[in-house]
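# Working through the structure, step by step
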Amino acid sequence: MGLTATEEAGLKAAMEAALAYRRTDHDRPICSAEPTPMAQARFREPTPEEGLAPDAVIAELIDRIEPGLMVSTSPRFMGWVIGASHPAAVAADWLTSAWGQVASFADIAPGAAAAEEIAAEWLLDLLGLPPGSGLGFATGATMANFTALAAARTALLDSVGWDVEADGLFGAPEVNVVLGGEAHSSVYLSLRMLGFGAKRVHIAGADDQGRMRPDALAEVLRGLDGPTIVCLQAGNVNSGAFDPFEALVPIAHDHGAWVHVDGAFGLWAAAAPATRHLTAGMAEADSWAADAHKWLQIPYDCGVVIVRDRGAQQRAMGSTASYLPQEERRNPADYAPELSRRARGIAVWAALKALGRSGLAEMVERHCAVAREIAGILRDEPGLSVLNDVVLNQVVLACGEADDPEAGRKTAETLNAVQAAGICYPSAGHWRGRGAMRISVCSGPATLEDGRRSAEAIIDAWRQVSGG
Ligand SMILES: Cc1ncc(COP(=O)(O)O)c(C=O)c1O
């Protein structure tokens, strides 16, 4: 008997609660019923002195947390860029925990490593990236960016005779880093963690959609000598715009630079025929980062890092110790920062089996159609302006005319009213100097009807605020 009665009751109660939640999440008010201070108060108590039975622990957890849950699995949750966790991936993730597999070395968890290996091959195929590239499962796009840039650092410094793994960065030849004017904050964080510094970057200016300008990149590179990394972007976090890879990658490569693409959500555009053109030329880059917990609907957390020169990735990330397996195999730990971690690739395998190539493409294309539907309805409402070209799943909205000094306040009040109404949930942002509402369609089940309901909810809120 592996489980006691109360342990088994706890596991069953968790499954029942999960099912009850996911049966009803499409109709729940999206905004959590309790704001953060109340959610904190529900948990606040002294350190437990005595243990509780597992079923009692789970009952108490559900009781305390449910009022504070943000319903980010709703098809009308459109805040930040957050996926809704595909049920097959959730189920696989439960099993990953129950099986207790550690994805570090293949011989420590052969089945988990095998599932991750095939999921990695499928991802390269679906994204049209070079077969044979190294692929690691990290916590998210932040660590995926970090890993790719670490591999770039290894390879570039090696090319000028410096072993950064052995000798570190003190006294090393300088590595230039070029970013677009709209690079995501996580790229800056990665640069800080890698010892490159967030301020010692060269910025190549962006156009009005946030795309790096080829003339700006050429100009910046003309002034630089030595090892260079150029970071491009697939999917601006606000506008969804893509850097023009076909023009930019050859400019960077002619300079001998390593090209990295941050495609936290935009990389998935490569998996759908209708959006693939946005990624033209992207596969010629040297490394890529994506989030599987965004558009692939993997439960949090799961990022994906892909490096063409898998040897550089292994050198940057791999570690050995006498007590660890020494056999030559594909070891998950060689491709991402952690030695021990949950086997995230099992949920990726399950989502890809459940969706297939056609299901993934259909979902990406449907989400983009929902975004266009929302933008079309909002554009027809006097006083509302869609600020971006809606090329992907992102809509940036401002309320009030551009010359209205109260427009920022009106946008913020409209957003608050939308969130409080609970029908849909966009989040706040800034775009080209204006306070904005960001609408990101990234929830697996979202339909055109969800888009229409969401647009109507936004218009209702705007009319309340504007007295229209
Ligand atoms: C373009 C881009 N890059 C990187 C990230 C960071 O991803 P994560 O939060 O999964 O680390 C995000 C998150 O929204 C993003 O949109």
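Residues numbered from 1 in each chain as written. Predicted model: local features only at pLDDT ≥ 70, side-chain atom pairs only at ≥ 80, totals over all residues. Heavy atoms only, no water.

A sheet is described by the order of its strands in space; here five strands give the open sequence β1-β11-β12-β10-β9, paired in mixed fashion. Every other strand in the sheet has two partners, leaving β1 (77–78) and β9 (384–386) as the edge strands with one partner each. Bridge count for strand β11 (residues 425–431) against strand β12 (residues 434–440) is five bridges, and the pairing is antiparallel. Residue pairing for β12: His 430 is matched across the bridge by Gly 435. (Pairing = 2+ DSSP bridges. Helix = DSSP H or I, 4+ residues; strand = E, 2+ residues; numbered from the N terminus.)

Time to look at the pairing of strand β5 (residues 228–233). Where burial is concerned, most of β5 is hidden: six out of the six residues are buried. Pairing geometry for β5 and strand β6 (residues 258–262), over five bridges, is parallel. Across the sheet, Leu 232 pairs through a bridge with Val 261, a residue of β6. Where the polypeptide runs from β5 across helix α10 (residues 245–254) and back to β6, its parallel neighbour, the crossover connection is right-handed. (Buried < 20%, exposed > 50% of the residue type's maximum accessible area, 1.4 Å probe, protein only. Right-handed = clockwise from strand over helix to strand, strands pointing away.)

Tallying each qualifying case throughout the model produces 25 salt bridges. A salt bridge links Asp 107 to Arg 329; its shortest N-O distance comes to 2.7 Å. In this pair, Asp 107 sits in the loop between α4 (87–99) and α5 (110–127) while Arg 329 sits in the loop between α11 (310–317) and α12 (344–379), placing the two residues 222 residues apart along the sequence. With a closest N to O distance of 3.1 Å, Arg 409 and Glu 413 form a salt bridge. Taken together, the residues span about one helical turn, with Arg 409 and Glu 413 both in helix α13 (residues 407–421) at a distance of four residues. The exposure class of Arg 409 is partly exposed, given its relative accessible area of 38%. Looking at Glu 413, the relative accessible area reads 35%, which means it is partly exposed. (Salt bridge = Lys/Arg side-chain N within 4 Å of Asp/Glu carboxyl O.)

Partitioning the protein chain into structural domains gives domain 1 (5–71) and domain 2 (92–352). Distance from the C-alpha centre of domain 1 to the C-alpha centre of domain 2: 35 Å. (Domains from an automatic or database assignment.)

With that settled, the discussion passes to the site of the ligand. Taken together, the neighbourhood of the ligand is formed by 13 residues, with Thr 142, Asp 262, Asp 291, His 293 and Lys 294 sitting nearest. In the environment of the ligand, an oxygen atom lies 2.9 Å from a nitrogen or oxygen atom belonging to the side chain of His 293. Surface burial for the ligand is 83%, taken as the share of its 390 Å² of free accessible area covered by protein chains. Residue composition of the shell around the ligand, grouped by class: four nonpolar, six polar and three charged. (Near = heavy atom within 4 Å. Polar contact = N/O pair within 3.5 Å; in protein donor to acceptor, adjacent residues only side chain to side chain. Areas by Shrake-Rupley, 256 points an atom, 1.4 Å probe, with all protein chains shown as cover. Nonpolar A, V, L, I, M, F, W, Y, C, P; charged D, E, K, R; others polar.)

What follows concerns the packing of aromatic side chains. Evaluated as defined, the whole model comprises three aromatic pairs. Between the aromatic rings of Phe 77 and Tyr 425, the centroid separation amounts to 5.4 Å while the plane-to-plane angle is 10 degrees, which identifies the pairing as stacked. Note that Phe 77 is positioned in strand β1 and Tyr 425 in strand β11, a separation of 348 residues in sequence. Among the aromatic residues, those joined into a cluster by ring pairs are Phe 77, Trp 80 and Tyr 425. Between Arg 330 and the ring centre of Tyr 335, over which it is positioned, the NZ or CZ distance is 4.6 Å. (Phe/Tyr/Trp six-rings, centres within 6.5 Å; stacked < 30°, edge-to-face > 60°. Lys NZ or Arg CZ within 6 Å of the ring centre and 35° of its normal.)

What is expected of a backbone is that most residues other than glycine have negative phi and most peptide bonds are trans. Going from Tyr 300 to Asp 301, the amide bond is cis rather than trans, its omega being 5 degrees. Structurally, Asp 301 is set in the loop between β7 (287–291) and β8 (303–307). In this structure, Gln 297 is a non-glycine residue whose phi angle is positive, near 65 degrees. Assignment of secondary structure puts Gln 297 in the loop between β7 and β8. Exposure remark for Gln 297: the relative accessible area of 1% places this residue in the buried category.

Our next topic: the nonpolar core. Within the largest apolar cluster, 61 residues are counted, with the highest numbers of intra-cluster contacts made by Trp 268, Leu 296 and Val 348. Apart from residues lying up to four places away in sequence, Leu 296 is in contact with Leu 123, Trp 268, Asp 291, Val 348, Ala 351, Leu 352, Leu 355 and Leu 360. One finds Leu 149, Ala 151, Leu 156 and Val 305 within the second-largest nonpolar core, a separate group that totals 30 residues. (Core = buried A, V, L, I, M, F, W, Y, C linked by side-chain atoms within 4.5 Å. Contact = heavy atoms within 4.5 Å.)

Right, let's get into the side chain of Gln 233. Structurally, Gln 233 is set in strand β5. Polar contacts involving the side chain of Gln 233 include one to the main-chain carbonyl oxygen of Glu 182, which spans 3.3 Å. Discounting chain neighbours no more than four positions away, the residues touching Gln 233 are Glu 182, Ala 183, His 184, Gly 210, Phe 242, Asp 243, Phe 245, Val 261 and Asp 262.

Looking now at the environment of Ile 459. Inspection of the secondary structure puts Ile 459 in helix α14 (residues 448–466). Residues Ile 459 and Leu 378, spaced 81 residues apart in sequence, show a C-alpha to C-alpha distance of 7.2 Å.

Another aspect to go through is the state of the cysteines. What the rule picks out here adds up to zero disulfides. You can see Cys 442 has no disulfide; the closest cysteine sulfur is in Cys 368, sitting 10 Å from it. We classify Cys 442 as buried; its relative accessible area is 1%. (Disulfide = S-S within 2.5 Å.)

Here the focus is the sheet that holds β7. The sheet built from seven strands is open, its strands ordered β2-β8-β7-β6-β5-β3-β4 with mixed pairing. Two strands in the sheet have a free side with no partner beyond their single neighbour: β2 (134–138) and β4 (202–204). Sheet twist, expressed as the mean angle between neighbouring strand axes with direction ignored, is 20 degrees. The strands touched by α5 within the sheet are β2 and β8, with β2 carrying the most contacts at an inclination of about 110 degrees. (Axes fitted to C-alpha atoms, helices over the stretch in contact; angles between N-to-C directions.)

Further remarks concern a nonpolar patch on the surface. On the surface, a cluster of nonpolar side chains totalling about 260 Å² of accessible area is made up of Met 15, Leu 19 and Trp 94. On the secondary structure map, Leu 19 appears in helix α1 (residues 5–24). (Patch = residues over 30% accessible without salt bridge, like charges linked within 9 Å, V, L, I, M, F, W, Y side chains within 5 Å.)

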